[in-house]
Amino acid sequence: MTLRPFKYIWLISALTIAVAACGDEPEDAPTHAGTTDADPWQVGWEFPDAPQVGENTLLLTITDDGHGAEGLEVTVEPWMPGHGHGSPETPVVTEGNGGDYTVENLYFTMGGPWEVRIELADGEVEGDGVIEVDVP
Ligand SMILES: [Cu+2]
């Protein structure tokens, strides 16, 4: 068996560079964002600022088959399933354009795993979805 040390040095260097690249996120990248189903709607969500204990803002983009869903009744409730409690504050939802909705006064009372439960209704159809948030 012939050892070729140079080959291994190269491999280790490549791995180091790959790991460093993973941790090097652009500063303006969304800190917490994702999508969730609220059948028949799809909900894109983003916390413009990292979720925290206290008051938070959450942006929702709700679509129906790729089209912005306007005029929905959107109800949002924070819930901590591990402790079986919600929040004393009621979130305020404001509709923007093209299926965008802003949720303000989304209040987490403590750190840990939370659910943001979302109920959508258009007068005929109802759908609900859950966003899971880990509050530091
Ligand atoms: Cu709790």
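Above this text you will find the structure in question.
Residues numbered from 1 in each chain as written. Predicted model: local features only at pLDDT ≥ 70, side-chain atom pairs only at ≥ 80, totals over all residues.

Caption draft 1: Highlighting the environment of alanine 38. Locating alanine 38 in the fold gives a position in strand β1 (residues 32-38). When sequence neighbours within four positions are dropped, the list of residues in contact with alanine 38 reads Val43, Ile118, Leu120, Gly127, Asp128 and Gly129. (Helix = DSSP H or I, 4+ residues; strand = E, 2+ residues; numbered from the N terminus. Contact = placed C-beta atoms within 7 Å.)

Caption draft 2: Expanded view of unusual backbone geometry. With an omega dihedral of 15°, the bond running from aspartate 39 to proline 40 counts as a cis peptide bond. Inspection of the secondary structure assignment puts proline 40 in the loop between β1 and β2 (41-47). Backbone geometry at aspartate 65 places phi at a positive 55°, although glycine is not the residue there. On the secondary structure map, aspartate 65 appears in the loop between β3 (54-64) and β4 (67-68). Residue classification places aspartate 65 among the exposed residues on the basis of 8 C-beta atoms within 10 Å. The phi torsion at asparagine 105 lies on the positive side, around 60°, for a residue other than glycine. Along the polypeptide, asparagine 105 turns up in strand β7 (residues 100-108). (Buried ≥ 20, exposed ≤ 12 C-beta atoms within 10 Å, placed from the backbone.)

Caption draft 3: Representation of the nonpolar core in the model. Counting residues in each nonpolar core, the largest one holds 22 residues, and the members touching the most others are Val43, Leu58, Leu60, Ile62, Val116, Ile118 and Leu120. Those elements that place two or more of their residues in this core are β2, β3, β5 (73-79), β7, β8 (112-121) and β9 (126-135). (Core = buried A, V, L, I, M, F, W, Y, C linked by C-beta atoms within 7 Å.)

Caption draft 4: Looking closely at the environment of glycine 66. Residue placement: glycine 66 occurs in the loop between β3 and β4. By C-beta crowding, glycine 66 is classed as exposed, having 6 other C-beta atoms within 10 Å. The spacing of glycine 66 and glutamine 42 is 24 residues in sequence and 8.3 Å in space, taken between C-alpha atoms.

Caption draft 5: Layout of the pairing of β7. Inspection of the sheet shows β3 paired to β7 by seven bridges, in the antiparallel sense. In the sheet register, leucine 58 faces β7, and the bridge partner there is valine 103. One ladder, built from four bridges, connects strand β6 (residues 92-95) with β7; its direction is antiparallel. Looking at the pairing, valine 93 lines up with valine 103 of β7. Joining the antiparallel neighbours β6 and β7 is a turn of four residues, in which glycine 98 adopts a positive phi near 60°. (Pairing = 2+ DSSP bridges.)

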